[in-house]
Amino acid sequence: MADPLRDRFVVLGVSGSIAAYKAVDLASRLVKAGARVDVVMTKAATQFVTPLCFQSITHRRVVDDLWDRNSEMAVEHVGLAKRAAAILVAPATADLLAKMALGFAEDALLTTLLDTRAPVVIAPAMEGDMWANPLTQEHVAKLRSLGMAFVEPEEGRLASGLSGRGRLADPEAILGTLRQVLGRGGDLAGRRVVVSAGGTQEPIDPVRLITNRSSGKMGYAIAEAARDRGAEVTLVTAPTALAPPHGVAVAPVDTARAMHRAVEGAARGADVLIMAAAVSDYRVANPAEQKIKKRGEAADGLTIELVPNPDILQEVTGDFVRVGFAAETEDLLANAGAKLRKKGLDLLVANDVSGAGSGFGSDTNRVILLGRGGEIEELPILPKRAVADAILDRVVAILAGRGRGAGGRRWVETHR
Ligand code: PMT
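Quantities reported herein were computed from a predicted structural model and do not represent experimental measurements.

## Side note on the sheet that holds strand 1 (residues 9-14)
Consideration 1: Ordered in space as 2-1-3-4-5, the five strands form an open sheet in which the pairing is parallel. In this open sheet, the two strands that pair with only one neighbour each are strand 2 (36-41) and strand 5 (149-150).
Consideration 2: The sheet contact formed by strand 4 (residues 120-124) and strand 5 spans two bridges and is parallel. Each bridged residue has a counterpart across the sheet, and for I122 the counterpart in strand 5 is F150.
Consideration 3: In the packing of helix 10 (residues 171-182) onto the sheet, the strands contacted are strand 1, strand 3 (86-92), strand 4 and strand 5, and the crossing angle to strand 3 comes to about 160 degrees.

In structure tokens, the structure reads:
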């Protein structure tokens, strides 16, 4: 399943804040994601950024005047409101929020917002004291109670030179919320999905640890893809350098045992568990309380005793679809098949981690999907997000098969 923004009509409402310049970047990201973007500006917004600027990016006519006889609004008074799959208001000023909360319809943006049945995502930007003002907060509460989603402003330096909470949120947080809202009717709507990601860390002493090369990219891509398909997602993640995905409950952990506890808790009542994390099979038997000092000659060496960690996939019980990965450097299919059976999985993602552009750290991956009934699908090298969607396609089919009381459809496909 593709990005929920692809081929969707999105209205980007821009009101009169200096952060309007950041809406240009948002418009560009929306267009890159495949959305058809109609920008509607307030008069105040046009004081900061010209309509031509947005038009050059979206290649669509910008609406900034309710009374313009040539505009979309004049042809069909509220055409954009009806056509929009979602409306994103970014930046939303205190003035706009107040007018929205009171149902004003004095310009093209307010008219569109009042007339639409599409979901609305609002990203406010203003001075910190304006955001904190009880009147603004009352308007926000009212709009929330009507089902509008907010991406709250961030703390930081504001246009006035003062610091406070009022900066427009990060564009990825805004688009993450928009994707989540658009994905609500997706094929995982109403499902609870637990995903693990990253490489666990086992302490040797207070400054050293045993870990692996996992960046978390594969697991994070699965969490985002599941969110975009309407699932309620919990991401249990070992430390990574990645930003936590918006619209996903994140449970940070470090060791395999901490991941075990977190997955066990999150998987209770879940529909799907996908273990993309690279979990350390062993931990140090007795981590030192103080930094281990070099003793005698370095050549003397140091022996560290390791003991096995719990196998999370095998030990966490529940009636969920169980998906595991197998990171292999040799005998991929034989080793992966053995793991599928040993761990009682519904689906196994066999990951050849020896080739370039596949496995640890890369943005792409090459995998073979193995089903419990012997089904096999070999995928070409793909961006991790596309691999994530291919995995979720199979998960959706397995869930549907369970609903029908069958074991799901058989699939034998290769793509080279
Ligand atoms: O994070 P990236 O840089 O994007 O890299 C992605 C990845 C290579 C880490 C990912 O695609 C991947 O292959 N993850 C599984 C890595 C792994 O630990 O494989 P394994 O063959 O050792 O383990 C088999 C399965 O059992 C895995 O689903 C693993 O999460 C799970 N496991 C392993 C050990 C353990 N103690 N408990 C487990 O649940």
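## Regarding the pairing of strand 4
Consideration 1: Most of strand 4 is tucked away, with five of its five residues classed as buried.
Consideration 2: Of the two faces of strand 4, both are covered, the one formed by V120, I122 and P124 as well as the one formed by V121 and A123.
Consideration 3: Examined bridge by bridge, strand 3 and strand 4 share four bridges and lie parallel to one another. Note on strand 4: the bridge partner recorded for A92 is P124.

## Some words on helix 15 (residues 384-403)
Consideration 1: Over its 20 residues, helix 15 runs 28 Å from end to end, which matches the ideal 28 Å to within 8%, given 1.5 Å per residue.
Consideration 2: In terms of burial, helix 15 is a largely internal element, 14 of the 20 residues being buried.

## Concerning the site of the ligand
Consideration 1: S214, S215, K339, N351 and G361 are the nearest of the 28 residues found near the ligand.
Consideration 2: A distance of 2.6 Å is found between an oxygen atom of the ligand and a side-chain nitrogen or oxygen belonging to S214.
Consideration 3: A327 is positioned such that a nitrogen or oxygen atom in its backbone is 3.3 Å from an oxygen atom of the ligand.
Consideration 4: With the chains in place, 95% of the 770 Å² that the ligand exposes on its own is no longer accessible.
Consideration 5: The pocket occupied by the ligand, as judged from atoms lying within 2 Å of grid points, is the largest pocket.
Consideration 6: For the shell around the ligand, the leading source of residues is strand 16 (residues 321-328), giving four residues.

## Comments concerning the side chain of H139
Consideration 1: Within the element layout of this structure, H139 appears in helix 9 (residues 134-145).
Consideration 2: Classification of H139 as buried rests on a relative accessible area of 16%.
Consideration 3: H139 has contacts with L97, A98 and A101, leaving out every residue within four places of it along the chain.

## Thoughts on the layout of surface pockets
Consideration 1: Estimates place the volume of the largest pocket at around 850 Å³.
Consideration 2: Among the secondary structure elements, those contributing two or more residues to the lining of the largest pocket are helix 11 (217-228), helix 13 (312-315), strand 16 and strand 17 (347-352).
Consideration 3: Looking at the lining of the largest pocket element by element, the count peaks at four residues for strand 16.
Consideration 4: Partitioned by chemical class, the residues of the lining of the largest pocket number 19 nonpolar, 14 polar and six charged.
Consideration 5: As a volume, the second largest pocket reaches approximately 580 Å³.

## Notes on the environment of D7
Consideration 1: Secondary-structure assignment places D7 in the segment before strand 1.
Consideration 2: The partly exposed category is assigned to D7, whose relative accessible area is 47%.
Consideration 3: Separated by 207 residues in sequence, D7 and S214 place their C-alpha atoms 33 Å apart.
Consideration 4: Setting aside chain neighbours within four positions, we find D7 in contact with G34, A35 and R36.

## Focus on the environment of T329
Consideration 1: With respect to the helices and strands, T329 occurs in the loop between strand 16 and helix 14 (332-342).
Consideration 2: Between the alpha carbons of T329 and S354 there is a distance of 5.1 Å; along the sequence they are 25 residues apart.
Consideration 3: Those residues in contact with T329 that sit more than four places away from it in its chain are V353 and S354.

## Overview of a nonpolar patch on the surface
Consideration 1: Among the surface-exposed residues, Y282, L302, I304 and L306 lie close enough to one another that they form a single nonpolar patch of about 370 Å² accessible area.
Consideration 2: Looking at the element boundaries, L306 is found in strand 15 (residues 306-308).
Consideration 3: A relative accessible area of 40% places L306 in the partly exposed class.

## Describing the domain arrangement of the protein chain
Consideration 1: Domain annotation of the protein chain identifies domain 1 (9-182) and domain 2 (188-403).
Consideration 2: Computed from C-alpha coordinates alone, the two centres of domain 1 and domain 2 are separated by 38 Å.
Consideration 3: At the interface, six residues of domain 1 touch four residues of domain 2.
Consideration 4: Together, G176, R179 and Q180 form the three largest contributors to the area buried by domain 1 at its contact with domain 2, with a combined 71%.
Consideration 5: Along the contact surface separating domain 1 from domain 2 lie zero salt bridges.
Consideration 6: Where domain 1 touches domain 2, the interface holds two residue pairs in polar contact (both at pLDDT 80 or more).
Consideration 7: For the side of domain 1 that touches domain 2, the residue count by class is two nonpolar, three polar and one charged.

## What to know about the nonpolar core
Consideration 1: Judged by nonpolar contacts, the single largest core of 37 residues is most densely connected at L12, V14, L30, F54, L88 and L178.
Consideration 2: Of all elements in the fold, only strand 1, helix 1 (20-32), strand 2, strand 3, strand 4 and helix 10 reach the threshold of two or more residues within this core.
Consideration 3: Filtering out sequence-adjacent residues up to four positions away, L30 remains in contact with L5, V10, A35, V37, L88, L175 and L178.
Consideration 4: Grouped together as the second largest cluster of nonpolar side chains are 35 residues, A197, V387, L392 and V395 included.

## What to know about the pattern of salt bridges
Consideration 1: In this structure the tally under the stated criterion is 28 salt bridges.
Consideration 2: For D115, the salt bridge is made with K82, and the minimal N-O distance between the two is 2.7 Å. Highlighted residues: D115 in helix 7 (residues 108-115) and K82 in helix 5 (residues 79-83), separated in sequence by 33 residues.
Consideration 3: For D115, a relative accessible area of 25% gives the class partly exposed.
Consideration 4: Looking at K82, the relative accessible area reads 51%, which means it is exposed.
Consideration 5: E377 is paired through a salt bridge with R394; the nearest N and O atoms lie 2.7 Å apart. Highlighted residues: E377 in strand 20 (residues 376-378) and R394 in helix 15, separated in sequence by 17 residues. When sorted by exposure, E377 lands in the same class as R394, which is buried.

Cut-off values and rules
Every residue gets a number counted from 1 within its own chain, in the order that chain's sequence is written. In keeping with the model being predicted, local features are shown solely for residues with a pLDDT of at least 70 and side-chain atom pairs are shown and tallied solely at 80 or more, while totals for entire chains, interfaces and linings include all residues. The side-chain figures draw on all heavy atoms in the structure; neither hydrogens nor water molecules are used. Criterion used throughout: strands pair if DSSP finds at least two bridges between them. Runs of H or I in DSSP of at least four residues are treated as helices and runs of E of at least two as strands, each being numbered from the N terminus. What makes two residues a contact is simply this: any of their non-hydrogen atoms within 4.5 Å. In this analysis an axis means a line fitted to C-alpha atoms, helices contributing only their contacting stretch, and an angle means the value between N-to-C directions, from 0 to 180 degrees. Each residue is placed in one exposure class: buried if its accessible area under a 1.4 Å probe, protein chains only, is under 20% of its type's maximum, exposed if it is over 50%, and partly exposed if it falls in between. By definition here, a helix of n residues has an expected span of 1.5 Å times n minus one. One heavy atom within 4 Å of a molecule or strand makes the whole residue count as near it. Two N or O atoms form a polar contact when they lie within 3.5 Å of each other; inside protein one atom must be a possible hydrogen donor and the other a possible acceptor, and for residues adjacent in sequence the pair counts only when both atoms belong to side chains. Per-residue and other accessible areas were derived by the Shrake-Rupley procedure at a 1.4 Å probe size, with only the shown protein chains allowed to occlude residues. Buried and open spaces are told apart on a 1 Å grid over the protein atoms alone, a cavity being a set of points where a 1.4 Å probe fits but cannot get out and a pocket being an open set with protein on both sides within 12 Å along at least five of seven lines. Residues with an atom within 4 Å of a point are the lining residues. A molecule is counted as occupying a cavity or pocket when more than half of its atoms fall within 2 Å of that pocket's grid points. Grid points are joined across faces, edges and corners, and a volume is the space filled by probe spheres set on the points. Each residue gets one label: Ala, Val, Leu, Ile, Met, Phe, Trp, Tyr, Cys and Pro are nonpolar, Asp, Glu, Lys and Arg are charged, and the others, such as Gly, are polar. Patch membership requires over 30% relative accessible area and the absence of a salt bridge. Like charges are linked within 9 Å, and nonpolar side chains (Val, Leu, Ile, Met, Phe, Trp, Tyr) within 5 Å. Salt bridges are defined as contacts in which a side-chain nitrogen from Lys or Arg sits within 4 Å of a carboxyl oxygen from Asp or Glu. For the domain bounds, the source is a domain assignment made automatically or taken from a database. The term buried area means the drop in 1.4 Å probe accessible area that two parts suffer when joined, counted for both and summed. Buried residues of nine kinds, namely Ala, Val, Leu, Ile, Met, Phe, Trp, Tyr and Cys, make up a nonpolar core once their side-chain atoms join them within 4.5 Å.

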